[in-house]
Amino acid sequence: MSDAALKSASERAAAVVQIRNLVYAWPNQDPVIVIPELNLARGEKVFLAGPSGSGKSTLLGLVGGVLMASAGEIIINEQPLGEMSAAARDRYRSDHVGFVFQLFNLLPYLSVIENVTLTCRFSTRRAERALQQSNSIEQEAERLLHHLGITAELMRRRVTELSIGQQQRVAAARALIGAPELLIADEPTSALDHDLRKRFIDLLLSECEAANSAVLFVSHDVSLGPLFDRQIALAEINEAAASLEPNYA
Amino acid sequence: MHSFATIIGLAQKSLRNRASTALLTILSIAISLALLVGVERIRSEARGSFANTISGTDLIVGARGGDINLLLYSVFRIGNATNNVSWESYQDIASQNAVEWSIPISLGDSHRGFRVMGTNTDYFRYYSFGNKRKLEFAQGRPFAEVFDTVLGADVAAELGYALGDSIVIAHGAGSTSFLNHDDKPFTVTGILKKTGTPVDRTVHVSLEGIEAIHIDWQSGARVPGQSTSAERALQMDLQPAAITAFLLGLKSRIATFSLLREINEYPQEPLLAIIPGVTLQQLWELLGVVEIALLVVSICVVIAGLIGMLTSILTSLNERRREMAILRAVGARPWHLLLLLISESTLLAALGALLGMAVVVGATALSANMLEQRFGIFVAVRWPNAFEWLIAGIVVLAAAVVSLWPAWRAYRNALADGLTIRT
Ligand SMILES: Nc1ncnc2c1ncn2[C@@H]1O[C@H](COP(=O)(O)OP(=O)(O)O)[C@@H](O)[C@H]1O
Ligand SMILES: [Mg+2]
């Protein structure tokens, strides 16, 4: 994939995420990530495939500004993450990125609604954007949950009493509230039954469409790839992966 | 900053979610704090009532010996005098110009475990305790006849005596003495009001009464074949030859030190004079070791309580790594996590402290009676005072400081983990 070199300046300006010569190594380890170039356009839905241990979560941590690149740069909305202070990166994350993980996305001691609105407690921008949609952030949470198929009855349950599929949909609502520019999903469907996976991704993608959020969706299940605008195999863009043995088709 | 409020709210909800462990931690902090404050309360009350045992007396005079020993037998009715003071010396000193009043004391006998004290009616007029309180009669009047007796409040209450009852005094101080002065019984003419001092546990008779029951005795044993009836004894001269000690009240306190020196250098007889307040202080310092030991033990219990809390936070930390990663993902800053854990433990400790204070108030209300009757310690049932709140505040602060450690670990973990928790 060397399309990046051909990108026009206007396409670059529209990019939500630009990665240049990114290198990351965990302390006292060889680099797991060596990515010369990767771009995500505004609203683009990208599927990133890779076997487990290949560095997918690490890459997401870097893009989310939780981890700091060892070398190279990640530019988000024209802003290089490396030039931001730790506080600015934390603010960037809460203002512009939503996360959905594989499992245990919710705080067990908060209600469904409180879990969804948690994002808005840490980000005024997200709270304001939520209020552009609804009268209150709670109403916006309900609206999103409703779109994602969580009924009013389910909203009243304790989060620990929800099925895994329901929990993942609540997590998606939390990631999407306040319409972030980027949604990062780290194997959110791996714990779901096969039938549920497609339905969950359809719901997730249509909500991202509505919010105009770009999606970086990571999974080792390559059968999900066709649901997205673009599919990337991490091994193909990650030069550190040369030393790893890819075990997917 | 509203994320601050968010974190405090999270801490509350997280604690409520772990209610049973939280409750146990609260309980252990409450109990340990209650113990500390309770001990401190008893200590300060004991010190107060100790200092209040005697007041208004400027000097106590006895035969030469230890200062503390003299204080113990003359005021606390503990131990015995090694020697007596002659009546002549007593009269001589008591009639000095500087002296306003004097109270003679004659000890050595007992009644069913309570000490008997021979004195005169000046005792009821001049003896004072606490904040210059005089002795008061609950019933009856001072002794007037040789075989009259006035009982302390506890003596009457514990032995069930009423006015007009007749009691027999035993020779010596033991409660199981077989040597009774049973030929010369005494009649109860008065019962004193409770004072919270050793007076409550004293049987008071006149010096003449003491003299009368010892007519047939010499150096602690009955003279064989000699038996003087009570009626005959009353005809005899009952002026004692010696007393055990005497208390002095001076016209002016300025004279205290010169009289003290004069008595300590009394040429006719080796005497010892003490200033009660000074010797009380010495005695309290002696007891201070016990006091400090108690305090150290209860501080250790509080530390154990805090360690218990620390343990439960540390063990929960691993299972909460996920929670920390979620909070990081939604934009919580590392110091938010620090704040979350610190506010959780502070909240626990604050609840524990409040409960502990409630336990102290409840426990003093329940045990005040017992403490007063069994140990003579009067513990007022009252709300915690400023000092006790300060102790509670220090415990809460200590909990916050202690929780810095797990909080710091959570902070480090969150930074090292990124969004992937490897378990
Ligand atoms: N917190 C961490 N500390 C140290 N090494 C880590 C950490 N997380 C992941 N790694 C290492 O980085 C590599 C990539 O892991 P990860 O990004 O989790 O892969 P994937 O998400 O594709 O399964 C693995 O070798 C893993 O051992
Ligand atoms: Mg992973």
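### Describing the packing of aromatic side chains
This model, assessed by the stated rule, comprises 14 aromatic pairs over all chains. Where B:Y90 meets B:F246, the ring centres are 4.9 Å apart and the plane angle is 50 degrees; that geometry is what we call tilted. Placement of the pair is B:Y90 in helix 4 (residues 87-94) and B:F246 in strand 16 (residues 245-250), with a sequence separation of 156 residues. The exposure classification of B:Y90 matches that of B:F246, with both residues buried. With centroids separated by 5.1 Å and ring planes inclined at 35 degrees, the aromatic side chains of B:Y123 and B:Y127 adopt a geometry described as tilted. You can call B:Y123 buried: its relative accessible area is 1%. On the basis of relative accessible area, B:Y127 is assigned to the buried category, the value being 3%. Taken together through their ring pairs, the aromatic side chains of B:Y123, B:F124, B:Y127, B:F137 and B:F143 make up a single cluster. Over the face of the ring belonging to A:F101 we find B:R322, whose NZ or CZ atom lies 4.7 Å from the ring centre.

### Here's the deal with the nonpolar core
Counting 40 residues, the largest nonpolar core has A:L145, A:V170, A:L183, A:L204 and A:F217 as the members making the most contacts within it. Counting residues in hydrophobic clusters, the runner-up holds 36 residues, among them A:W26, A:V32, A:L59 and A:I184.

### Quick word on helix 3 (residues 86-96) of chain A
Burial within helix 3 of chain A is extensive, with 8 of its 11 residues counted as buried. Three or more residues of helix 3 of chain A are buried, namely A:A88, A:R89, A:D90, A:Y92, A:R93, A:S94, A:D95 and A:H96.

### Considering the confidence of the model for chain A
Chain-level statistics for chain A give a pLDDT mean of 86 and a share of 91% at 70 or above. A low-confidence stretch, residues 1-10 of chain A stays under pLDDT 50, and its non-local contacts, those more than four residues away or across chains, total 8 contacts.

### A word on the domain arrangement of chain B
Examined at the domain level, chain B breaks down into domain 1 (4-50 + 288-419) and domain 2 (59-274). If you average the C-alpha positions of domain 1 of chain B and of domain 2 of chain B, the two centres end up 52 Å apart.

### Section: the pattern of salt bridges
Tallied over the full model, the rule gives 28 salt bridges over all chains. Between B:K13 and A:E114 there is a salt bridge, and its shortest N-O distance comes to 2.8 Å. Here B:K13 is found in helix 1 (residues 2-17), whereas its partner A:E114 is found in helix 4 (residues 112-122) on a different chain. Exposure remark for A:E114: the relative accessible area of 26% places this residue in the partly exposed category. Several salt bridges share partner residues, and in doing so they unite B:D154, B:E158, B:K194, B:D200 and B:R201 into one network.

### Quick look at the side chain of B:S345
Mapped onto the secondary structure, B:S345 falls in helix 12 (residues 334-375). Non-local contacts of B:S345, meaning those with residues more than four positions away in its chain, are made with B:M309, B:I313, B:A399 and B:S403.

### Observations concerning the sheet that holds strand 3 (residues 45-49) of chain A
All names here are of chain A. Taken together, the 5 strands give an open sheet; going across it, the order is 6-7-8-3-9, and neighbouring strands pair in parallel fashion. Strands with a single pairing partner mark the edges of an open sheet, and in this sheet they are strand 6 (97-100) and strand 9 (230-233). Taking the axes of each pair of neighbouring strands and ignoring which way they run, one obtains an average angle of 15 degrees across the sheet. With 4 bridges joining them, strand 6 and strand 7 (residues 182-186) adopt parallel strand pairing. Pairing of F99 across the sheet is with I184, part of strand 7. The sheet strands contacting helix 3 are strand 6 and strand 7, and the helix crosses strand 6 at an angle near 75 degrees.

### Thoughts on the interface of chain B and chain A
Of the residues lining the interface, 26 residues belong to chain B; the matching set on chain A comes to 28 residues. Both sides together, the interface formed by chain B and chain A hides about 2400 Å², and carbon and sulfur atoms give 65% of it. For the interface between chain B and chain A, the tally reads 6 residue pairs in polar contact (both at pLDDT 80 or more). Every element with two or more residues in the side of chain B that touches chain A is listed here: helix 1, helix 11 (321-329), helix 12 and helix 14 (404-417) of chain B.

### Regarding the pairing of strand 2 (residues 31-41) of chain A
All names here are of chain A. Bridging between strand 1 (residues 15-25) and strand 2 involves 9 bridges; their strand directions are antiparallel. Bridging from a neighbouring strand, A25 pairs with P31 of strand 2. If you look at the hairpin formed by strand 1 and strand 2, you'll find 5 residues sitting between the two strands, and N28 has a positive phi there, around 60 degrees.

### Points about the packing of helix 4 of chain A against helix 6 (residues 137-147) of chain A
All names here are of chain A. Close contact between helix 4 and helix 6 brings their axes to 9 Å; oriented N to C, the two are set at 120 degrees. Here helix 6 runs oblique to helix 4, going by the angle between their axes. Read as a crossing pair, helix 4 and helix 6 show a hand that is right-handed. Contacts between helix 4 and helix 6 involve V112, I113, V116, T117, C120 and R121 from the first element and I137, E138, A141, E142 and L145 from the second. Its residues assigned to classes, the contact of helix 4 with helix 6 comprises 7 nonpolar, 1 polar and 3 charged.

### Examining the environment of B:A350
Residue and element names in this part refer to chain B. Following the sequence through the fold, A350 ends up in helix 12. With a relative accessible area of 30%, A350 lands in the partly exposed category. Spatially, the C-alpha atom of A350 lies 9.1 Å from that of L397, the residues being 47 residues apart in sequence.

### Topic: the confidence of the model for chain B
Averaged over every residue, the pLDDT of chain B is 86; the share at 70 or more is 91%. Quick note on the complex model: pTM equals 0.70, ipTM equals 0.84.

### Topic: the environment of A:F47
Residues and elements named next belong to chain A. With respect to the helices and strands, F47 occurs in strand 3. Take F47: its relative accessible area is 1%, and that puts it in the buried class. Along the primary structure F47 and A211 are separated by 164 residues, whereas in three dimensions their C-alpha atoms are 18 Å apart. When near neighbours in sequence (up to four residues on either side) are disregarded, F47 contacts F217, S219, D221, V222, L224, G225, F228, R230, Q231 and I232.

### Focus on the sheet that holds strand 2 of chain A
Residues and elements named next belong to chain A. Ordered by their spatial adjacency, 4 strands build an open sheet running 2-1-4-5, and the pairing between neighbours is antiparallel. Looking at which strands have only one partner, the edges of the open sheet turn out to be strand 2 and strand 5 (79-80). Bridging between strand 4 (residues 71-76) and strand 5 involves 2 bridges; their strand directions are antiparallel. Its bridge partner being in strand 5, I76 is matched across the sheet by Q79. Contacts between helix 2 (residues 56-63) and the sheet are confined to strand 1, strand 2 and strand 4, with strand 1 contributing the most and set at about 120 degrees to the helix.

### Focus on the pairing of strand 4 of chain A
Bridging between strand 1 of chain A and strand 4 of chain A involves 5 bridges; their strand directions are antiparallel. Note on strand 4 of chain A: the bridge partner recorded for A:R20 is A:E73.

### Considerations on the state of the cysteines
What the rule picks out here adds up to 0 disulfides over all chains. Not part of a disulfide, A:C120 finds its nearest cysteine sulfur in A:C208, a span of 16 Å.

Basis of the calculations
- Residues numbered from 1 in each chain as written.
- Chains lettered and ligands numbered in written order.
- Predicted model: local features only at pLDDT ≥ 70, side-chain atom pairs only at ≥ 80, totals over all residues.
- Heavy atoms only, no water.
- Phe/Tyr/Trp six-rings, centres within 6.5 Å; stacked < 30°, edge-to-face > 60°.
- Helix = DSSP H or I, 4+ residues; strand = E, 2+ residues; numbered from the N terminus.
- Buried < 20%, exposed > 50% of the residue type's maximum accessible area, 1.4 Å probe, protein only.
- Lys NZ or Arg CZ within 6 Å of the ring centre and 35° of its normal.
- Core = buried A, V, L, I, M, F, W, Y, C linked by side-chain atoms within 4.5 Å.
- pLDDT = per-residue confidence, 0-100.
- Contact = heavy atoms within 4.5 Å.
- Domains from an automatic or database assignment.
- Salt bridge = Lys/Arg side-chain N within 4 Å of Asp/Glu carboxyl O.
- Pairing = 2+ DSSP bridges.
- Axes fitted to C-alpha atoms, helices over the stretch in contact; angles between N-to-C directions.
- Buried area = accessible area lost by both parts, 1.4 Å probe.
- Polar contact = N/O pair within 3.5 Å; in protein donor to acceptor, adjacent residues only side chain to side chain.
- Parallel < 35°, antiparallel > 145°, perpendicular 65-115°, else oblique.
- Left-handed = near helix turned anticlockwise from the far one by under 90°.
- Nonpolar A, V, L, I, M, F, W, Y, C, P; charged D, E, K, R; others polar.
- Disulfide = S-S within 2.5 Å.

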